[in-house]
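Here's the letter readout for the chains.
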Amino acid sequence: AEMLNKLVQDYRFAMSQAGFKQACRKYQRASVKNLKGVMNYIRHLQERHSRLLVLRVDFSWADEHKAAVTADDARKHRQQFFRNMQKNPLFRHVLGTVWKLEYAPQRKFHYHMLFILNGNKAQQDGVIAHAFGEYWKHTITQGKGIYYNCNAHKARYKNCCLGKLERGDNSKDEGLLEALSYITKIDAFARLVLPGNARTFGRGEVRSLKNRKRTKRGR
């Protein structure tokens, strides 16, 4: 009991320090900035495509491998996945991505991934999400990775934004805001275990229509 009381006292003392409060405010500002950026990103894609297909796949590593996965390993696997997306026809309809790296004592490093596809060309979101997960498991991690296909379990979400997202249809706005608020919130555990200024969040870049035409013409 004395040890628990001491732990609670130390915890309260740490939370009352100026440095702790400053770090919390910094994470909160970053989360708000990330959310605004992602909302603008989604609006940008909706302006150019009347129908989007939203996928969420959580990427991680199997129990027998996760303890050995370092922050550098996690970063390299993510970067390799995104590099391969540029040339693999499996991802040809992907318009944008949003990702978040989290860390938990039991689950270790894991990613929450949103993939935004051209809904006029891609259908069967659960099937596509499964294919993306299998690519992570077998190609990127060489069998050491695992994944969770959220699109295969949409009924579990009260306000689900996964699947087709029609321009002008506001029925999924609440669910989309909830999903983006979660994925843009800074994970304090991950920040503590990551070295330096390593990233825990990212999204695709907004490319102007003018630049896209110029790139196509150059090719």
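Cut-offs and rules
Residues numbered from 1 in each chain as written. Predicted model: local features only at pLDDT ≥ 70, side-chain atom pairs only at ≥ 80, totals over all residues. Heavy atoms only, no water. Helix = DSSP H or I, 4+ residues; strand = E, 2+ residues; numbered from the N terminus. Polar contact = N/O pair within 3.5 Å; in protein donor to acceptor, adjacent residues only side chain to side chain. Contact = heavy atoms within 4.5 Å. Buried < 20%, exposed > 50% of the residue type's maximum accessible area, 1.4 Å probe, protein only. Pairing = 2+ DSSP bridges. Expected span 1.5 Å × (residues − 1). Phe/Tyr/Trp six-rings, centres within 6.5 Å; stacked < 30°, edge-to-face > 60°. Lys NZ or Arg CZ within 6 Å of the ring centre and 35° of its normal. Disulfide = S-S within 2.5 Å.

> Teacher, can you tell me more about the side chain of Thr 184 here?
With respect to the helices, strands and loops of the structure, Thr 184 is situated in helix H6 (residues 173-184). A polar side-chain atom of Thr 184 sits 3.4 Å from the main-chain carbonyl oxygen of Ser 181. Discounting residues that sit within four places of it in the chain, Thr 184 has contacts with Ser 31, Asn 34, Leu 35, Val 38 and Phe 201.

> Help me understand the pairing of strand E2 (residues 94-104), please; the structure alone is not making it clear to me.
Across a regular strand the side chains alternate sides, sitting on one face of the sheet and then on the other. With respect to burial, E2 is a largely interior element, nine of its 11 residues being buried. As paired strands, E2 and strand E3 (residues 108-118) are joined by 10 bridges and run antiparallel to one another. Across the sheet, residue Leu 101 finds its bridge partner in E3, namely Tyr 111. Between E2 and E3, which pair antiparallel one after the other, the connecting turn spans three residues. In the sheet, E2 pairs with strand E6 (residues 201-203) via three bridges, with the strands oriented antiparallel. Bridged to Lys 100 within E6 is Phe 201.

> Is there a simple way to think about the pairing of E3 in this case?
Taking burial as the measure, the 11 residues of E3 include 10 buried ones, the bulk of the element. Note that strand E1 (residues 51-61) and E3 share eight bridges and pair antiparallel. Looking at E3, one finds that Leu 55 is bridged to Phe 115.

> Which parts of the structure should I look at to understand the environment of Ala 62?
With respect to the helices and strands, the residue Ala 62 is situated in the loop between E1 and helix H3 (63-66). On a C-alpha basis, the gap between Ala 62 and Arg 107 in space is 9.3 Å, while along the polypeptide they are 45 residues apart. With residues near it in sequence (within four places) discarded, Ala 62 still touches Lys 144, Gly 145 and Ile 146.

> Would you explain helix H4 (residues 71-85) in this entry?
Along an α-helix, residues three or four apart share an orientation, since each turn contains 3.6 residues. In this model H4 runs 21 Å from its N-terminal to its C-terminal C-alpha over 15 residues, within 8% of the 21 Å that 1.5 Å per residue would give. Buried positions along H4 lie against E1, E2, E3 and helix H5 (125-140).

> So what exactly am I meant to see when it comes to the packing of aromatic side chains here?
Ring pairs (aromatic) are described by centroid distance and by the angle formed between their planes. According to the stated counting rule, one finds 16 aromatic pairs in the structure shown. With 5.2 Å between their ring centres and 55 degrees between their planes, Phe 59 and Phe 81 make a pair best called tilted. Of this pair, Phe 59 sits in strand E1 while Phe 81 sits in helix H4; the two residues are 22 residues apart in sequence, bridging distant segments of the chain. Of note, Arg 78 hangs over the ring of Trp 99, and the distance from its end group to the ring centre comes to 3.9 Å. Above the ring of Tyr 41, the side-chain terminus of Arg 203 is found at 5.4 Å from the ring centroid.

> What's the story with the state of the cysteines in this structure? I'm lost.
Should the sulfur atoms of two cysteines be covalently bonded, the bond is a disulfide. Taken as a whole and assessed by the stated rule, the structure comprises zero disulfides. Looking at Cys 160, it has no disulfide partner, and the nearest cysteine sulfur is the one in Cys 161, 6.0 Å off. Taking the relative accessible area as the measure of exposure, Cys 161 reaches 3% and is therefore buried.

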